[in-house]
Amino acid sequence: MNNNPIGLFDSGVGGTSIWKEIHQLLPYENTIYLADSLNAPYGNKSKEEIISLSIKNTELLLEKGCKIIVVACNTATTNAITVLRGRFRVPFIGIEPAIKPAALQSKSKSIGILATKGTLNSELFSLATKEFTKDIMITEVIGEGLVPLIEKGALLSSEISSLLEKFLKPMLENNIDHLVLGCSHYPYLIPQLVKLLPNNIKIIDSGEAVAKQTKSILLENNLLREASNQPIIQFITNSSDITLKHLLKKYLEKVDIETRKF
Ligand code: DGL
């Protein structure tokens, strides 16, 4: 089992931000990443649709022998991970907006969260918010329109910049000192965000924490790969591979990108 791959899925290319963290921390692990770009964005879909897409992605990764599944999507995690854990036997790692560290570190007692509608409306998110942010003001904003632009690869576009300006306005008015990125696509917007935000505002995303959690669950289950030769790294997309290739440009020599229906 130890040589079997770590499986990851996302509604599209965004979860590659999580894959990069995992690959950095666990460079010898074999990995398979599913980019369900054909069905992106998940953020505006119903809970039922998100669950059924998440089941479909998990089944495909399990057919490929994955030893653990990383749900590299906040929307799928917050809406479907409980169902996935109840239905399949492998361990699942999810990604959720890092509100706890932001709330604990906030001096202005005001934090901002940018995420999809599906994440912000989920029960899991509201439970976590209640638990960790009792004395904290939270400005939640839906990043409507960002994911399709990121999927197109328009990372540095003026459309993204004006959307971000609009989304950050209420947060800045509420004097936030932490901005939580609650969608695995959004780390790709950090260069734009840094330009728009004052220096005192810290941007937080969950990628590194997810990688650490993946490592510790693999260790706990005795599932870490023992070999230290070049791993097999596969990406499968059901849409154009142009943005995927762009985001993975540093790794193109060692990864295999396949386009096919799923
Ligand atoms: N990357 C996703 C997330 O982390 C989903 C975005 C979407 O498909 O709407 O929420």
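If you're wondering where the values come from, they're calculated on a predicted model, not measured in any experiment. (Residues numbered from 1 in each chain as written. Predicted model: local features only at pLDDT ≥ 70, side-chain atom pairs only at ≥ 80, totals over all residues. Heavy atoms only, no water.)

**Some points on the sheet that holds strand β3 (residues 68–71)**
For clarity, the threshold we go by: Strand pairing follows a simple DSSP-based rule, namely that at least 2 bridges must link the two strands. Helix and strand labels come from DSSP, where a helix needs a run of H or I of at least four residues and a strand needs a run of E of at least two; each type is numbered from the N terminus. What counts as an axis is a line fitted to C-alpha atoms, over the stretch in contact for a helix, and the angles between N-to-C directions run from 0 to 180 degrees. Every residue pair with non-hydrogen atoms within 4.5 Å of one another is taken to be in contact.
Taking strand neighbours across the sheet as the criterion, the six strands line up as β4-β3-β1-β2-β9-β10 in an open arrangement whose pairing is parallel. Because the sheet does not close on itself, it has two edges, and the strands there are β4 (92–94) and β10 (256–259). Each strand of the sheet is rotated relative to its neighbour by a mean of 20 degrees, with strand direction disregarded. Here strand β1 (residues 6–10) runs beside strand β2 (residues 31–35); their pairing, made up of five bridges, is parallel. Across the sheet, residue Phe-9 finds its bridge partner in β2, namely Leu-34. Across the sheet, helix α3 (residues 74–87) is in contact with β1, β3 and β4; its angle to β4 comes to roughly 165 degrees.

**Re the environment of Leu-218**
Put simply, the test is: Exposed residues in this analysis have more than 50% of their type's maximum accessible area, buried residues have under 20%, and partly exposed residues fall in between, with area computed by a 1.4 Å probe over protein chains only.
With respect to the secondary-structure elements, Leu-218 resides in helix α10 (residues 207–220). Under the relative-accessibility criterion, Leu-218 is labelled buried at 0%. With 176 residues separating them in the primary sequence, Leu-218 and Tyr-42 have C-alpha atoms 28 Å apart. If near-sequence neighbours (up to four positions away) are discounted, Leu-218 is found in contact with Ile-6, Leu-26, Glu-29, Lys-67, Ile-68, Leu-223 and Leu-224.

**A word on the side chain of Thr-243**
Along the chain, Thr-243 turns up in helix α11 (residues 242–247). Since its relative accessible area comes to 9%, Thr-243 is described here as buried. When neighbours within four sequence positions are excluded, Thr-243 is seen to be in contact with Val-13, Ile-150, Glu-151, Lys-152 and Gly-153.

**Thoughts on helix α6 (residues 123–132)**
Formally: Read the arc as the range of directions from the helix axis to the C-beta atoms.
Burial in α6 covers these residues: Phe-125, Ala-128 and Thr-129. In a view along the axis of α6, the buried residues occupy a sector of 100 degrees, so they form one face of it. Residues of α6 that are exposed and point over 90 degrees away from its buried face: Glu-123, Lys-130 and Glu-131. Those residues of α6 hidden inside the fold are in contact with α4 (99–105), β5 (110–115), α5 (117–120) and β6 (137–142).

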